[in-house]
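A look at the structure
Chain by chain, the residues run as shown.
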Amino acid sequence: MCGIVGFIGERPATPIVMQGLQALEYRGYDSAGVSTVTDGRITTTRQVGQVADLSKILEDSSAMLAIGHTRWATHGAPSITNAHPHSSADGSIAIVHNGIIENHEQLRTKLQQAGYEFKSETDTEVIPHLIDYYFKQTKSIESAFHTALRDLRGAYAIAVVSSHEPDTLYAARLSSPLVIGVGDNEYILASDPTALIQHTKKVIYLNDFDVARITTGDLAVTNLESDSPTIPEVELLDLESEDAQKGHYEHFMIKEINEAPQTIQSAIRGRVLANEGIVKLGGLDNVVAQLRYIDRIVIVACGTSFYAGLVGEYLIEELAGIPVEVQQASEFKYRSEPFSRGTAILAVSQSGETADTIAALDKVKDYGVLRLGIVNAPGSTIARMTDAGVYCHAGPEQAVASTKAFIAQVTVLALIALHLSNGSTKDYKPLLKELVSLPDKAAAVLALSDQIKVIAEKYAPARDFLFIGRHYGYPCALEGALKLKEVSYIHAEGYAAGEMKHGPLAMIDENFPTFAIATDSPLLEKTMSNIQEIRARSGPVIALATEGNEAIAQLADDVIYLPPTLEQTQPLLISIATQLFAYHVAVARGFNVDRPRNLAKSVTVE
Ligand code: M6R
């Protein structure tokens, strides 16, 4: 989704803004632009395509104040006119915006009636005109910006520069992230910390309704809701700039898949005390008493995080005996369902900024229910709006296709299941012990990459793919299909293997391959029967099986063997294999693996 960077300080702003925009490229975008302020004059440059394309046409500038933007088209196609920054008619005000202004039509009409002309199709363009409209009355950019913000409905992160106040950068946020990096006599504004980590680790996260007025040596924040100044809290980022680099890998996706062993390790570090047989989740300490009375958990999430939630459903129900429902956040927020006080809402999100998941949490704000989070991005909106939660500690995930975050989420869900079970189940100790040995087993699956690549190249021309699995293998089938479709553009569907005869079998023929998750479980024989039914209809089969299952080699065209592990931890190993498969298919088909078409990394609008 869109990205914002801004800089004000005592050194040239453009290189810092451009580098920040490059760091935000992973979020997905189709055009980019920059406004610089030099000698009281604003210069705006915009380009369709990559940040590198924008660099080519940018003139050298000594400006020490600049704002930049990467746009992911929502209102209006990717074009120079629709690209940000957008400006007032006389060019004295330039702004960049993330989010959606829901009442932009009404505002546009009102401004048009007042004589304003619009150049773009965007919702954003109402903002500079609105500020200009109020500036003409008040002669103060600050007050004009505040008044304009009060007119806006929807979600926004906004940065503003104006030639009327050439030494000031303004910023505001509502339901769209914005962070300010604090340097020595300089400030860097960004949609997420990856854009500023090279310069500082000291950050201030703006809260909803906060408006910041930033000059070279000073920062003042006012909260529009309470209509009062707030004291910004400076936090220290737990992030290294190398974490957000590709290193020696060709793509972020393969780098992140290869991080699975340390991802599991980081998620359990200090939390699994194997010798004492204890799971310690500090993030839940302040709600321990409430957790004792939980009688239902509703997990809300989107995409891959939703599938991690489905694995969590099985884990928590099996280990802790608490009924769990997993709902797509985009559906949950519009449902009317009864809630008891004993319900806990658990949001799962890598970015912590997914608009639908935030809206789901917002919906239950006044219900008196406990709101928990499993989040990867520290300081993100979901991390801050929940009562308690557990961080994934997976480090920044840059590829649009989520891989290591899924691994971390499932690991954390296993820890939560163990924590809630309080040791009361026979599965407690074996699972605790197995989690400790999982990083080595994950490394063993990664070592299969070359074998999986050969299989992937064989199936890369396929038009369709079916993923099937049972029990813990079922959410893995759904996630495997999502991964394949988003990076390789092959139509892929995930199904519970038991559903085959209820419809999907009709699609099977020699051109419709199936990826069958057939790891050891009490249900293995049933899955083997499903594979037989597919074979009987000439459907090619790749099977994911547990080492030692020789019978499956007679049935499937290709077999990938995984190390033995408990059923509850199988999703971690299975998904590394399906991630590798999707990655190698996408590479074989020659696609942009890290930035699939039409997708953005963090979906911050509905
Ligand atoms: O940041 P989140 O975990 O909340 O994001 C949820 C989905 O948008 C995300 O998992 C998406 O489905 C990925 N592209 C899947 O690989």
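Residues numbered from 1 in each chain as written. Predicted model: local features only at pLDDT ≥ 70, side-chain atom pairs only at ≥ 80, totals over all residues. Heavy atoms only, no water.

Structural notes on the side chain of Thr604
- Looking at the secondary structure, you find Thr604 in the segment after α19 (570-589).
- For Thr604, the contacting residues outside a window of four places in its chain are Met1, Pro177, Glu353 and Ala355. (Helix = DSSP H or I, 4+ residues; strand = E, 2+ residues; numbered from the N terminus. Contact = heavy atoms within 4.5 Å.)

Quick look at the pairing of strand β7 (residues 156-162)
- When you tally the buried positions in β7, you get seven out of seven residues, the bulk of the element.
- Burial along β7 is two-sided: Tyr156, Ile158, Val160 and Ser162 and Ala157, Ala159 and Val161, pointing in opposite directions, are all buried.
- One ladder, built from six bridges, connects β7 with strand β8 (residues 165-174); its direction is antiparallel. Opposite Ser162, over in β8, you have Glu165 as the bridge partner. (Buried < 20%, exposed > 50% of the residue type's maximum accessible area, 1.4 Å probe, protein only. Pairing = 2+ DSSP bridges.)

Points about the domain arrangement of the protein
- For the protein, the assigned domains read domain 1 (3-243), domain 2 (246-441) and domain 3 (448-596).
- Taking only C-alpha atoms, the centre of domain 1 and the centre of domain 3 are 45 Å apart. (Domains from an automatic or database assignment.)

Quick notes on the site of the ligand
- In the vicinity of the ligand lie 13 residues, with Ser305, Ser349, Ser351, Thr354 and Glu486 positioned nearest.
- One of the backbone N or O atoms of Gln350 is found 2.7 Å from an oxygen atom in the ligand.
- One of the side-chain nitrogen or oxygen atoms of Thr354 is found 2.4 Å away from an oxygen atom of the ligand.
- Protein contacts shield 90% of the accessible area of the ligand, which totals 410 Å² for the unbound molecule.
- At the level of elements, α9 (303-320) and α16 (473-488) are the ones that each hand at least two residues to the shell around the ligand.
- Per-element accounting of the shell around the ligand gives the leading share, three residues, to α9.
- For the shell around the ligand, the per-class residue count stands at three nonpolar, eight polar and two charged. (Near = heavy atom within 4 Å. Polar contact = N/O pair within 3.5 Å; in protein donor to acceptor, adjacent residues only side chain to side chain. Areas by Shrake-Rupley, 256 points an atom, 1.4 Å probe, with all protein chains shown as cover. Nonpolar A, V, L, I, M, F, W, Y, C, P; charged D, E, K, R; others polar.)

Digging into unusual backbone geometry
- Here the amide bond leading from His84 into Pro85 is cis, since omega sits at 0°, within 30 degrees of zero.
- Structurally, Pro85 can be placed in the loop between β4 (65-71) and β5 (86-87).
- A positive phi is found at Ser175, a non-glycine position, where the angle reads about 55°.
- Assignment of secondary structure puts Ser175 in the loop between β8 and β9 (179-182).
- With a relative accessible area of 28%, Ser175 lands in the partly exposed category.
- Positive phi, close to 55°, is recorded for His393, a residue that is not glycine.
- Position of His393 among the secondary structure elements: in the loop between β22 (388-391) and α13 (404-421).
- Looking at His393, the relative accessible area reads 40%, which means it is partly exposed.

Quick look at the nonpolar core
- Ranked by size, the top nonpolar core spans 97 residues in total, and within it Ile297, Phe465 and Phe581 carry the most contacts.
- Examining the composition of this core, we find that twelve residues originate from one element, α13, more than from any other.
- Residues from two domains meet in this core; each of domain 2 (246-441) and domain 3 (448-596) gives at least three.
- When sequence neighbours within four positions are dropped, the list of residues in contact with Ile297 reads Ile316, Ile322, Pro323, Val324, Glu325, Ala344, Leu346 and Leu420.
- If you look at the next biggest cluster of nonpolar residues, it comprises 27 residues, including Ile95, Leu107, Leu130 and Ala144. (Core = buried A, V, L, I, M, F, W, Y, C linked by side-chain atoms within 4.5 Å.)

Digging into the environment of Ile552
- Here Ile552 lies in helix α18 (residues 551-555).
- Residue class for Ile552 comes out buried when judged on its relative accessible area of 0%.
- Separated by 229 residues in the primary sequence, Ile552 and Pro323 have C-alpha atoms spaced 35 Å apart.
- The residues contacting Ile552, other than those within four sequence positions of it, are Ala518, Met528, Ile531, Ala543, Ala545, Val559 and Tyr561.

Section: the sheet that holds strand β11 (residues 202-205)
- One open sheet accounts for eight strands, arranged β3-β2-β4-β1-β10-β9-β11-β15; its pairing is antiparallel. For this open sheet the edge positions go to β3 (41-48) and β15 (235-236), each flanked by a neighbour on one side alone.
- Sheet analysis places strand β2 (residues 31-38) next to β4, joined by six bridges and oriented antiparallel. The residue of β4 that forms the bridge with Ala32 is Thr70.

Observations concerning α19
- With 20 residues, α19 extends 29 Å from end C-alpha to end C-alpha; this agrees with the ideal 28 Å at 1.5 Å per step.
- Among the 20 residues of α19, 17 are classified as buried, and the element is accordingly described as predominantly covered.
- Following α19 by one or two positions, Gly590 has its phi on the positive side, about 80°. (Expected span 1.5 Å × (residues − 1).)

Section: the packing of α9 against α13
- Taken N-terminus to C-terminus, the directions of α9 and α13 make an angle of 20°; their axes are 9 Å apart at the nearest point. It follows that α9 is roughly parallel to α13 by the angle criterion. Read as a crossing pair, α9 and α13 show a hand that is right-handed. Contact residues: α9 offers Thr304, Ser305, Tyr307, Ala308, Gly309, Val311, Gly312, Leu315, Ile316, Leu319 and Ala320, while α13 offers Phe406, Gln409, Val410, Leu413, Ala414, Ala417, Leu418, Leu420 and Ser421. (Axes fitted to C-alpha atoms, helices over the stretch in contact; angles between N-to-C directions. Parallel < 35°, antiparallel > 145°, perpendicular 65-115°, else oblique. Left-handed = near helix turned anticlockwise from the far one by under 90°.)

Examining the packing of aromatic side chains
- In the structure shown here, the tally under the stated rule is 13 aromatic pairs.
- Relative to Tyr134, the ring of Tyr133 lies with its centre 5.1 Å away and its plane at 75°, an arrangement referred to as edge-to-face.
- Geometrically, the ring pair formed by Tyr314 and Tyr472 is edge-to-face, given 5.5 Å between the ring centres and 90° between the ring planes. Placement of Tyr314 in helix α9 and of Tyr472 in the loop between β23 (464-469) and α16 is noted, with a sequence separation of 158 residues between them.
- In textbook terms, an aromatic cluster arises when at least three aromatic residues are bridged by ring pairs, as seen for Tyr459, Phe465, Phe467, Phe515 and Phe581.
- A cation sits over an aromatic face here: Lys363 above Phe332, 4.5 Å from the ring centre.
- Positioned above the aromatic ring of Tyr489 is the side chain of Arg597, whose terminal nitrogen or guanidinium carbon lies 3.8 Å from the ring centre. (Phe/Tyr/Trp six-rings, centres within 6.5 Å; stacked < 30°, edge-to-face > 60°. Lys NZ or Arg CZ within 6 Å of the ring centre and 35° of its normal.)

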